[in-house]
Amino acid sequence: MAALGWLTPRRRSATARSVLAGEASAEAARKSSQEAQEAAQAPEAAAREPEFPVLGDDKAAAFFDLDNTVMQGAALFHFGRGLYKRKFFETRELARFAWQQAWFRLAGVEDPEHMQEARDSALSIVKGHRVAELETIGEEIYDEYMADRIWPGTRALAQAHLDAGQKVWLVTAAPVEIAQVIARRLGLTGALGTVAESVGGVYTGKLVGEPLHGPAKAEAVRALASAEGLDLSRCAAYSDSHNDIPMLSLVGHPYAINPDAKLRKHAREKDWRLRDYRTGRKAAKVGIPAAAGVGAVAGGTAAAIALSRRRR
């Protein structure tokens, strides 16, 4: 009897567990069916959402950072490599450029000291050369070192804005001449970049003002938007760096592209959209323009608009 008394609770317990298992299975099946129905209805819901970019919205535009947002690595370093090939400077200076580029690629962030050193080096290298000469060389360097480093996903984002009839601008600390070459090759509207001083068409080795970096980018975007009659709340901006938070914060549609750790954290806190093309990770928030999933797209035929530059 003692043995039977011990077995009886076991049988009852097993029966209770079976009931629980059955209920859990039924709940899982119900939930799965519900999720399937929701998934089937999702395209209809998505179709009801307003498209972005908005077709024909001439009060909207897009602003793209260049380094590690549109292009892998830093444009200034690729430019330096091309100048070395043309014997503008010696091997030891190339080694410095290579180290700075390696740091940028591995760390994925802009080191202010490295960037300042690179700018100083570039200014000293181009001093005494004609602006027209550097513009021609810039075209060649783009083909040699930059064209195959354009992120297809980011280019597709830019094309989506162009296809919607919006202007698209590069905004970068790179020399404006190089930025304009890249913008023209990608079929973009134009570029805002750092302006090197020239006299009589010859570089002096000095800057006009300061590098277009951090808050200076935001001011440039604000000024351009005012001149173009744009509504910044309807505009979009794209960048990989926390240094561009001032620019991203100006617009109604900020995007973190290949973000560094600080920008990723800030974007999540602000509920900004994210896209990382370095690892293939999907967007952290739905709403990236559909064209981003297309991959590489050919540059449009929009004419490049040359920005007026102060010359002394």
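A few points on the structure. As the structure is a computational prediction, the values presented were derived from the model and not from experiment.

Glancing now at the overall build of the protein. In terms of helices and strands, the protein carries 10 helices and eight strands. Restricting to contacts in the protein with at least 6 residues of sequence separation, those with at least 24 account for 64%. Surface summary for the protein: the accessible area is close to 16,000 Å², and the carbon and sulfur share equals 55%.

Right, let's talk about the sheet that holds strand β3 (residues 190-194) for a bit. Across a sheet, paired strands are connected by hydrogen bonds in the backbone, their directions being either parallel or antiparallel. Taken together, six strands build an open sheet; the order of strands is β3-β2-β1-β6-β7-β8 and the sheet is parallel. Because the sheet does not close on itself, it has two edges, and the strands there are β3 and β8 (273-275). The mean inter-strand angle of the sheet, taken between neighbouring strand axes irrespective of direction, is 20 degrees. The sheet contact formed by strand β7 (residues 253-257) and β8 spans three bridges and is parallel. Looking across to β8, one finds that Tyr255 is bridged to Arg273.

Moving on to unusual backbone geometry. The phi torsion at Asn68 lies on the positive side, around 65 degrees, for a residue other than glycine. For Asn68, the position within the fold is in the loop between β1 (61-64) and α2 (75-85). Judged by relative accessible area, Asn68 falls into the buried class, the value being 7%. The backbone phi angle of Asn258 is positive, close to 50 degrees, even though this residue is not glycine. Within the secondary structure, Asn258 is located in the loop between β7 and α10 (261-270).

Take the pairing of strand β5 (residues 202-207) next. Pairing of strand β4 (residues 196-199) with β5, which is carried by three bridges, proceeds in the antiparallel orientation. Following the sheet pairing, Val199 is matched in β5 by Val202. Between β4 and the antiparallel strand that follows it, β5, lie two residues; Gly200 among them carries a positive phi value of about 60 degrees.

In this section: the side chain of Asp276. By the secondary structure assignment, Asp276 is in the segment after β8. Judged by its relative accessible area of 4%, Asp276 is buried. A polar atom in the side chain of Asp276 sits 2.8 Å from the side chain of Arg264. A polar side-chain atom of Asp276 sits 2.8 Å from a polar atom in the side chain of Arg278.

With the rule as written, the count across this model stands at 16 salt bridges. A salt bridge links Asp65 to Lys217; the shortest N-O distance between them is 2.7 Å. Of this pair, Asp65 sits in the loop between β1 and α2 while Lys217 is found in helix α8 (residues 215-228), placing the two residues 152 residues apart along the sequence. A relative accessible area of 1% places Asp65 in the buried class.

Summed over the entire model, instances satisfying the criterion amount to three aromatic pairs. Plain terms: the ring middles of Phe52 and Tyr255 are 6.2 Å apart, the flat faces sit at 20 degrees to each other, and that makes the pair stacked. Residue Phe52 is found in the loop between α1 (2-48) and β1, and its partner Tyr255 is found in strand β7; the two are separated by 203 residues along the sequence. The residues Phe52 and Tyr255 share a single accessibility class, namely buried. One aromatic cluster is present, formed by Phe52, Phe64, Tyr238 and Tyr255 through successive ring pairs.

Thresholds, definitions, all that
Residues numbered from 1 in each chain as written. Predicted model: local features only at pLDDT ≥ 70, side-chain atom pairs only at ≥ 80, totals over all residues. Heavy atoms only, no water. Helix = DSSP H or I, 4+ residues; strand = E, 2+ residues; numbered from the N terminus. Contact = heavy atoms within 4.5 Å. Areas by Shrake-Rupley, 256 points an atom, 1.4 Å probe, with all protein chains shown as cover. Pairing = 2+ DSSP bridges. Axes fitted to C-alpha atoms, helices over the stretch in contact; angles between N-to-C directions. Buried < 20%, exposed > 50% of the residue type's maximum accessible area, 1.4 Å probe, protein only. Polar contact = N/O pair within 3.5 Å; in protein donor to acceptor, adjacent residues only side chain to side chain. Salt bridge = Lys/Arg side-chain N within 4 Å of Asp/Glu carboxyl O. Phe/Tyr/Trp six-rings, centres within 6.5 Å; stacked < 30°, edge-to-face > 60°.

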